[in-house]
Amino acid sequence: MSEIKVTINGKEYTGKSGQSILEFAGVNGIEIPNLCHDPRLIPSGSCRLCLVEVEGQKGPVCACTFQINPGMVVKTETEEIRAIRKTVLELLFYEHRGVCTTCDENGDCKLQRYAYEYQLSDDIFQQPTGGERSENYTTGNKALEYDVDKCIRCGRCIRICEEVQADSALTFKSRAASVEVTTSFDIPLNDSTCELCGQCISSCPTGALYERAAKGKGQCKDLSRTRTTCPYCGVGCQIDLNINPKTEGIVRVTSEVGCIPNDGNLCVKGRFGLDFIDSDKRLTDPLIKRDGKFEKVTWEEAIKFVAERLNRIRSEFGADSIAGLSSAKCTNEDNYVFQKFIRACIGTNNVDHCARLCHASTVAGLARAFGSGAMTNSIDELKNAGCIFVIGSNTTEAHPVIGLYVKEAVMKNGAELVVADPRKIDLVRFAKLYIAQKPGTDVALINAMMNVIIDEDLHDKAFIEERTEDFEKLKPILKDFTPEKAEAITTVPAEKIRAAARMYAKAETASIIYSMGITQHTTGTENVLSLANLAMLTGNIGKASAGVNPLRGQNNVQGACDLGALPNVYPGYQSVEDAELQAKFESAWGQKLSAQKGLTVIEIMHAIEEDKIKALYIMGENPALSDPNLNRTRKALEKVDFLVSQEIFLSETAEYADVVLPTVCFAEKDGTFTNTERRVQRVRKAVAPPGQARSDWEIICEVATKMGYPMSYEDAEEIMDEIATVTPIYGGMSFERIDSVGLQWPCPDKEHPGTRFLHEGTFKRGKGKFHPVEFTAADELPDKKYPFVLSTGRQLYQFHTGTMTRKSAVINQVSPTGYVEIHTDDAAGLKIRDGENVEVITRRGKVTTPAKVTDNIEKGWLFMPFHFREAPANMLTNDALDPTAKIPEYKVCAAAVSKTRQPD
Amino acid sequence: MDLKEGSLSLEPLDNILASIPDAGDCDLIPILQKIQEAYGYLPPSVLAATSDRTGIAASRIYGVATFYEQFYLEPHGRHTIKCCRGTACHVKSGRDIIRAISRALGVQEGETTDDMRFTFETVACLGTCFLAPVMMVNDDYYGHLAPNKVKDILERYD
């Protein structure tokens, strides 16, 4: 892209070739009116409002579709141009029959703004309004409403649905004056291919498309906006909570186009899933259980009760009889304070959190191979990758906005996508190659791919030589691991394995994306090591648009790990078993610390059975629904002598607690989350907390102080400043520096710009290390009694145990309850009809849930989402652990399925 | 709209798609024309199946099918009457012809007779102003019409 000079309205500016006049003018602060333009879309030039005069052109040209040339002379505000625009606006108003005074978009509507700017005559606003509303594709939909009378037919909703979201749910229907937006065959929106992302609303320049629940709650002109970070998955989308200052309620959620990392895009959970904030089920007072019933108490009483019980248990059974579960939902500051409390105040390293259940194997595996267990590259680099290899990640459902980047890479930039997943997930639509490996056979697949790469001499010898070690140990394992051998294990045809290997190895830059499909196995660490091997073998690490990219599942699971909510490391992955580091933290925290690493999540539950753990302090986690083998977990929660639950709702877990402490949610506090690309981003208080609820770190500080270890901070910022002093990778972080776009760790000092991708030039551990991995089968395989393989996972609309998403009316409309996916032929064999209740049984439990009969899953396999308390998939899952990372095998267990006997 | 009209065979559709390998967005109009030829109209269930089989978005198919005058989403009569309401025909009392057709068939413009014999449409101009007032039945032109000739003409079609 070369620099070129262009004159606009008599003044010369410098721009880049390839820019449109509209874009170029915008960069230079010159606004050209437009209605059909959205920077996320391919310009369409349809609204004719951005017309400008270009010297040498016969008539006016569209600024959005006309690219700048060297020496171009543009006039944007001539009398003639303004007259044309005025006419265009007047014509638009013949179709726009809205009334600004009662419109929610009032204050943020471009049409309204231009009508004033161009001083349209009053007659224009005397158009008769539509009268009785006729039904359309949004009638009865709880998410959004389409008002044809306000629609100016710019087509942005249709285009964003097709070009960015790739859902193609919308279209124009009919022609001329009767054109309107609709779905295919006018079917209700929720029956179409719509994913309820609401991108159409985000692009609509008028009030034609609007969040239904926001209607009447406050006009845009009166709303204030607080920028914060979405509380759902690990993408870390920046959202603006639009608040009505009069009611102090959240009216709608928007996002600014151009923001990092999501560029104004959101998914259904971020846009429509925040009803939980002002749910009337929020906890408002501390509760103590007396005679099996919760009673409201004062904070003073609650804190005193907790401190005394914990002190008594510690003096009677020792510090290691107490354990704490920190939370990937809470801020970095909460997590730092929590683990400091467990380590310095209680005196044990028994602190862990749900990362154990999702990416413990990533942290363990990548740390061994590279020296650092996080996503190596940045989200926006994905769109420029030559090849993307997605394995065990249902990206468009679990990380929808990262899914958009993958789609963009394929649709706009020609990337080759390889998807390996037992289920035919939505991304398969975009894949050049789809591989359905049998659950639990990933190592075999990857080993065979590496066999092909070496066999066909596609490996990067220079990279292996300079940057890695132990390649010699890898080779013998791979030698016999032919695609044919892998075919017998994985059921994937050998030729497909060869094709995948070639596609990945031959690309200039190849990115691996993976998630729970790789990690949640007894061989999770080995699966991760295999992927690290694959990346090193082809030199696809340490450079842009490549890398090994584990997608983190929770908003702050990265941060909770970073800040030491793990039993073996202090903040910044500094080992508790390293005497020097222990001394450093002892001096920082002014307390003697334990040198012995603590127990992990599942080990804690098992230790309760053995009477080794007497007290459990849980901050914002819900193991009573999220842990595997729930019958066993729930017995442990029942058994433990003293259980504290710090929560925003009375969750399934909180119901077992002796004390429940009400906390504030993300919208009610300040702090930071670290997203999956290691970007530390701000969380900002937007609304007041309910009742007596207090922030997690404040509660912890009070308990610690009462127990005799004084902890206090002025605010979250002071905690971040302390984090920076003891955590080298966060050394350069401060609220001031991360204010606008965050900072990616490692960021060792205040001048450091942050790190976009890891391992450039050298690995964190020096050389990258190959680990030869033999294939090992899953812990529990199908047999005669339990002939199916059951996998569990997420679906788009719900999040984890549903504590938050199931409070959303929009989400409940489209995803009311759980189900089990079963292949059409298996269902036919068992005479199971779609939607009919079935029993799913494993060695650990039984769940009754409707069957979802589909061809998107292979024969012999079942899939259940784990969000639903009425059909808890984790009653069935296996709590066998990966020996290294201690992650349970959620993804594979043996199951039987049968029709539920109907009561006569 | 019923997208699962079980009674309609998808065999004609499969034959059509077999004749257009790797059908994509740019083949959509010819595909729709052939479907209409085979089924007499564009049954939504067949269009939904077209989307499934070709990967062309159902929304796009619907948009195109509703944009063009030539496509019908509802069953059409065996014969199509197109009566001109252009300027020349209007001047030559074309409206009387329209009324005469309506009377003869008992249907309004845009409607189909209950026996599925005729669909009655009016068009902006047939391009044969020298024949005004004029109508077409299928591919046949009838010019210099008078209201009393209409019934006889229509009786030639069954």
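**Description of the environment of Asn631 of chain A**
Then, in step 1: Note that Asn631 of chain A resides in helix α23 (residues 630-639).
Then, in step 2: Asn631 of chain A sits 213 residues away from Arg844 of chain A along the chain, and the two C-alpha atoms are 7.5 Å apart.

**Some points on the environment of Gly98 of chain A**
Residues and elements named next belong to chain A.
Then, in step 1: For Gly98, the position within the fold is in the loop between α2 (79-95) and α3 (110-117).
Then, in step 2: For Gly98, a count of 25 C-beta atoms within 10 Å translates into the label buried.
Then, in step 3: Taking C-alpha positions, Gly98 is 6.0 Å from Asp149, a pair spaced 51 residues apart along the chain.
Then, in step 4: Setting aside anything within four residues of it in sequence, one finds Gly98 in contact with Cys103, Asp149, Lys150, Thr206 and Gly207.

**Considering the nonpolar core**
Residues and elements named next belong to chain A.
Then, in step 1: Ranked by internal contacts, the top residues of the largest apolar core, which has 249 residues, are Ile388, Met449 and Tyr504.
Then, in step 2: Looking at which element gives the most residues to this core, the answer is helix α12 (residues 442-455), with nine residues.
Then, in step 3: In this structure, Leu790, Ala851, Ala894 and Ala896 belong to the second largest nonpolar core, which totals 33 residues.

**A word on the interface of chain A and chain B**
Then, in step 1: Taken together, the contacts link 13 residues of chain A with 12 residues of chain B.
Then, in step 2: If you tally residues by element for the side of chain A that touches chain B, the top one is strand β7 (residues 170-173) of chain A, at four residues.
Then, in step 3: Residue classes in the side of chain A that touches chain B are distributed as five nonpolar, five polar and three charged.

**What to know about the sheet that holds strand β1 (residues 3-8) of chain A**
All names here are of chain A.
Then, in step 1: Strands sit in the order β2-β1-β5-β3-β4 across an open sheet of five strands; the sheet is mixed. Across the chains shown, the open sheet's two edge strands, defined by having one partner strand only, are β2 (11-16) and β4 (61-62).
Then, in step 2: Relative to β2, β1 runs antiparallel, the two being bridged by six bridges. Paired with Ile8 across the two strands is Lys11, which belongs to β2.

**Side note on helix α18 (residues 524-537) of chain A**
Then, in step 1: In this model α18 of chain A runs 20 Å from its N-terminal to its C-terminal C-alpha over 14 residues, within 8% of the 20 Å that 1.5 Å per residue would give.
Then, in step 2: Immediately beyond the C-terminal end of α18 of chain A, within one or two residues, lies Gly539 of chain A, with a positive phi of roughly 65°.

Rules used in this analysis
- Chains are numbered independently. Their residues run from 1 in the order of the written sequence.
- Chain labels run from A onward and ligand labels from 1 onward, assigned in the order the entries are written.
- Where local features are concerned, this predicted model is filtered to residues with pLDDT of at least 70; where side-chain atom pairs are given and counted, the filter is 80 or more; whole-chain, interface and lining totals use all residues.
- Helical segments are the DSSP runs of H or I of at least four residues, strand segments are the runs of E of at least two, and each set is numbered from the N terminus.
- Each residue is classed by its C-beta neighbour count within 10 Å, where at least 20 other C-beta atoms makes it buried, 12 or fewer makes it exposed, and intermediate counts make it partly exposed; the C-beta atoms are placed from backbone geometry.
- Once C-beta atoms are placed from the backbone, any two residues with those atoms within 7 Å are in contact.
- For our purposes the nonpolar core covers buried Ala, Val, Leu, Ile, Met, Phe, Trp, Tyr and Cys residues that link as a set through C-beta atoms within 7 Å.
- Residue classes follow a fixed rule: Ala, Val, Leu, Ile, Met, Phe, Trp, Tyr, Cys and Pro count as nonpolar, while Asp, Glu, Lys and Arg count as charged, and any other residue, Gly among them, counts as polar.
- DSSP-based pairing: two strands are paired if at least 2 bridges between them are found.
- In this analysis, the expected span of each helix is defined as 1.5 Å times one less than the number of residues it contains.

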